Amino acid sequence: MSTGDPGPSQKSKKRAHDDSSQVKVKKPRSAKSKGNEKLDHWPQYFHLLFKVYKALNTVLAFVTSRKQLATTFPSIRSSVENITKQPLNMSQVAELKALLPEIINFAYVPHNQLRVNSVHKSADEPDFSAFSTSRESLVLAEEPEHVLLLEFAESWKGVPGGTSASETGYLLPATRTLAATTKLVEKRNERFIRAVDELLSATPPTDDPVSLLQAAARDHIPVDPKHKHKLPIDESAHMSIPNPQDRASVADILAEIKVQEWYKDQIMDQRTVEAREGQTGEIDEPLSATIQQALKNSRNITSLYSHQAVAIGALNSGKNVIISTSTASGKSVIYQIPLLRLLEYDPHATAIFVYPTKALAQDQKAALENLLLACPGLEHIQVSTYDGDTPTDLRSGIRSSASVIFTNFDMIHASILPYEELWRTFLKNLKFFVVDELHYYSGMFGSHVALVMRRFRRVCAAIGNQSIRFVSCSATISNPLSHMVNIFGLDATQIQVVTQDGAPTGSKEYLIWRSPYIDNSDPQLGRESGIRQAVVLMVFLMKRGIRVILFCKIRKVCELTMKTLRTELSSEGRHDILNRVQAYRGGYSAAERRQIEHDAFTGHLLGIVATNALELGVDIGALDAVLMLGFPVNIASFRQQAGRAGRRKRDSLVVFVAEALPIDQYYMSNPNELFDEGTDDLIVDLENKIILEVHLQCAAHEMPICSQDKQYFGPLLKGICQEKLHRDGEGWYHPHNKYLPLPSKHISIRGVQEDKYVLVDVTKSVASARILEEIEISRAIFEVYEGGIFIHQGRPFIVQELNHDSKLVKLIQVDVNWTTKQRDFTDVNALQTHRIREIKGSPHHAFYGRVEIFCQVFGFYKMRHNIVLDIVDVETSPWIHDTTGLWLDVPDFVLGLLRDKSIKPASAIHSAEHAFLNQFSLASDLRTECKAEEKEYLKKESRRKRSARLIVYDPVGNGSGVSVKAFEHVSDILHKACIAIKNCDCKEGCTKCILSPLCKEGNTVSSKAGALVILKAILNEPIDPDKIPYEADEKKLKGHDSIVSASPVHTKTAQKLVVE
């Protein structure tokens, strides 16, 4: 059998990388030198193997001391043989791999995956050299040349000019000093000695340790892919995938995980939520025989759960209802059954169903249509979608013929209420208004929705319809009644709250999973990546018929995970599984998302890698397991994602794969909070004058406003109307002229919609180009740049051409084993002061005014496994936008106090900003300048300096005026933030004090002690320098100080502003 050993031939040497094939190194000391007398008990064979190992160790250490080269076996072999004076065989390296599996990588990889730059291009040019000039040879080559890679797991800690190895950061290449290289060689030699001693001590007296090692090494001899077809097939490695209905129990799966070779006690916490039997209920008025038959034929429903019966009974009695129960508890039946009864009684009745996403609307529309078709006498009922994709020529027919429309609040705001005369018949007959996923509507978006609902109820009342019943469904939230009152503006006494869940559930196992060390005996090498651990788990589960969804926090991580999954399954030859896995995220075309949803629902997909785009209740069929890569935005999101598993009464599994970020580490250390802590209240701001004014302009256009409309719009109505609207001679208020002819066009309830770039795949040719996706400009500046890698469905594409004028990006699919990460910075600068406000009891002030967001991408890193392979410069135009915000200057004396304690002011400022936002109810609608680890902890000092200033601002295009609210309550928020830090028992920070789940840099730059000092200083509270602890975290002690004293920000005019 051929193993694909290239042998030490001249031909192999010629194929090796030129810059590593002629390595000159000093010979290592003999195994009998001083310090090795303790090895006398070793069998002679291990002394010989140690000699080979030391030579290999020395060569690799010196080769990689200059830059990260791809060290192929042929290029290293000759240098090792020069030292040992004997041939180096693959079997010997395989024995070393068997002895140190976590440290040595010895495998075939595609040759093109090792190239980074062409010898003809300089390092600062976009790199297309990994690819042939022929596009077909670039991507369509079925048999790429493979080379045998040999490398060690490296630690770059202490490398002059480089950054530290960490789970959250990446490694910048730098020249390793001779002393550092020598130390690394010695450290690895000691690791070999420990490994041999461990093997000898674990070997029974009746066994031969050499034979055991040689037997284990056979599994580590790499095989060239071009020879794999000659090998006997290992059926056990490609076991057929069990039918999900016949899969093993979760308990058996977990028992199997714990005996796997790769399991190293990653489970930090395990708990079980026991199965729950269902509870049925009866409704007072029995359903008609036709409805009962329809439920049985279309859904196999023969009885109702207790919460369904209670809610339907409340609707029958004329009450409004909110249902807040667990995921997949049958909430949609609660409004579908009353609708069917109503249509049987009154065929002219109409209903509006509102959903937050188009995917969810289409899913529920199909379910209702199937139910109607199964109900004799109601087959003719027309159900229509009325959203932004509905063709204009169909809209008139929908208004006149549809009994039920599926829509969203954007359409109600912009296309229904402004044209109420066209919808009058439909609205007069309206009996049900259903809002699904009510918890989705909070913050500024929820505030807009609440005012749209008040406008809607006002118009319906004016045309004589005050008998509409409002139904809302939600995941489990802390304040269902008050949230429904806030959104709908209804009387709380007329609302029935249903929270007692009668649906049955299977048992659910929860695991908290911590990545293991790469090498337990050398923690400095760090831990395995969360992506790698999640992929290993996902593959293991799918092989056993477990249907899995893996949630990622952001789009890029979603794609990197899918790419890793694709590589893993391809290398194993498991295309039968790979063909049943898809990524799902925002940005994909509607057609692509619908196809993925269909494949999931029909059971074709075994695995989905998704962002929170699938957190809402789109029915994608029964799922057995949920993996979460990193902690989601909040506890509610954690539980919502966990609810995706076990949707069909079977046992299920939820695994939280903790990353190295501070929030993940906190919840890993305090797991009870994931299960016992209440969810945050959902906030709606009904007193935001900016939002209220624009909706009053819209309401006045729909129907002139009078004083009686205070019942809908509250006590601020009169003042805003007098100040901002036009009053006629009879006292009615009309829109201001600047909003005419259509006020609703002047406001987007989701904020200003950004321009988008179109990403086009031109791999085969421009003529056969296809649109991959569209991406917002705020994302595009960071994700698409010439020479960079963009990932779609786990497949890498290189950006060939970027045209800013046409907003067109041309991509070519490539087969590379590296990715790119942009080199950028974002400066948030206070430009002009509009208002000044006192801070109670303090000589310091808060400022409000114009803020500039300046984003610049100036290059990118080429990266493999978090190691920088190359640094490329690019020329791009900065992205500059103005918005509004508030800021607080940090007193100069505080900077001195922090520096005396080795606390970086940047860390303290960053944490103080998050502490401030954590105590503001509308914080999700504000942003701050988050500090990045790679910028603050660099050994090389940056010329970019930032003012000692806390600053929060409104997102660009939001126009909500939330920062004004924070400014007007700044003293109270500061006091709450200060108290929260003082009273918090955590050591390094948590979400109750200084950590923010929304921090785009993962809270890696933080200081709880520093934040408290800053807040105390701004509030003029006494500070005892002796009680400020010294910074002890080695990582945070590195780098340079990036903060300078804040200078005053000028006002619009020379006239001094009055302090409020």
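Structure shown above.
Now for a quick tour of the structure.

Parameters at a glance
- Residues numbered from 1 in each chain as written.
- Predicted model: local features only at pLDDT ≥ 70, side-chain atom pairs only at ≥ 80, totals over all residues.
- Heavy atoms only, no water.
- Helix = DSSP H or I, 4+ residues; strand = E, 2+ residues; numbered from the N terminus.
- Buried < 20%, exposed > 50% of the residue type's maximum accessible area, 1.4 Å probe, protein only.
- Contact = heavy atoms within 4.5 Å.
- 1 Å grid on protein atoms, 1.4 Å probe; cavity = no way out; pocket = protein on both sides within 12 Å on 5 of 7 lines; lining within 4 Å.
- Points joined across faces, edges and corners; volume = space filled by probe spheres on them.
- Nonpolar A, V, L, I, M, F, W, Y, C, P; charged D, E, K, R; others polar.
- Pairing = 2+ DSSP bridges.
- Axes fitted to C-alpha atoms, helices over the stretch in contact; angles between N-to-C directions.
- Core = buried A, V, L, I, M, F, W, Y, C linked by side-chain atoms within 4.5 Å.

It is worth spelling out the side chain of His695 at this point. The residue His695 is located in helix α26 (residues 689-702) in this model. Since its relative accessible area comes to 0%, His695 is described here as buried. Those residues in contact with His695, other than ones at most four positions away along the chain, are His413, His448, Leu451, Val452, Arg455, Ile747 and Ile749.

Right, let's talk about empty space enclosed by the protein for a bit. A full pass over the atoms with the stated rule returns 3 cavities of 30 Å³ or more. Within this model, the largest cavity holds a volume of roughly 150 Å³. Of all the secondary structure elements, the ones that give two or more residues to the lining of the largest cavity are α20 (555-571), β22 (770-776), α29 (777-783) and β23 (789-792). Split into classes, the residues belonging to the lining of the largest cavity amount to 6 nonpolar, no polar and 7 charged.

Residue placement: Lys965 occurs in helix α33 (residues 962-968). Look at Lys965 and you get buried, because its relative accessible area is 17%. Spatially, the C-alpha atoms of Lys965 and Leu886 are 9.9 Å apart, while their sequence positions differ by 79 residues. Look past the residues within four positions of Lys965 in its chain and what remains in contact with it is Asp685, Glu687, Asn688 and Phe920.

Moving on: the sheet that holds strand β24 (residues 795-803). Sheet architecture is open: 5 strands sit in the order β22-β21-β25-β24-β23, paired in mixed fashion. The sheet is open, and its two edges are formed by β22 and β23, each paired on a single side. Between one strand axis and the next, the sheet turns through 35 degrees on average, direction left out of account. Where β23 and β24 come together, 4 bridges link them in antiparallel fashion. Residue pairing across strands places Phe790 opposite Phe797, the latter belonging to β24. Strand contacts of α20: β22, β23 and β24, with the helix running at about 75 degrees to β23, the strand carrying the most contacts.

For strand β27 (residues 845-864), the tally of buried residues reaches 16 of 20 residues, placing the bulk of the element in the interior. Across 18 bridges, strand β26 (residues 819-838) lies against β27 in antiparallel orientation. From the neighbouring strand, Asn829 faces β27, where its bridge partner is Glu852. Linking two consecutive strands that pair antiparallel, namely β26 and β27, is a turn of 6 residues; a positive phi of about 75 degrees is found at Gly841 within it. As defined by bridge partners, β27 adjoins strand β29 (residues 879-889) across 9 bridges and the pair is classed as antiparallel. If you follow Val851 over to β29, its bridge partner there is Thr883.

This paragraph deals with the nonpolar core. Counting 134 residues, the largest nonpolar core has Leu565 and Ile1014 as the members making the most contacts within it. Not counting residues within four places of it along the chain, the set of residues in contact with Leu565 comprises Val535, Met538, Val539, Met542, Val581 and Val609. In terms of nonpolar packing, the next biggest core, distinct from the first, is built from 42 residues, Ile283, Ala309, Ala311 and Tyr355 among them.

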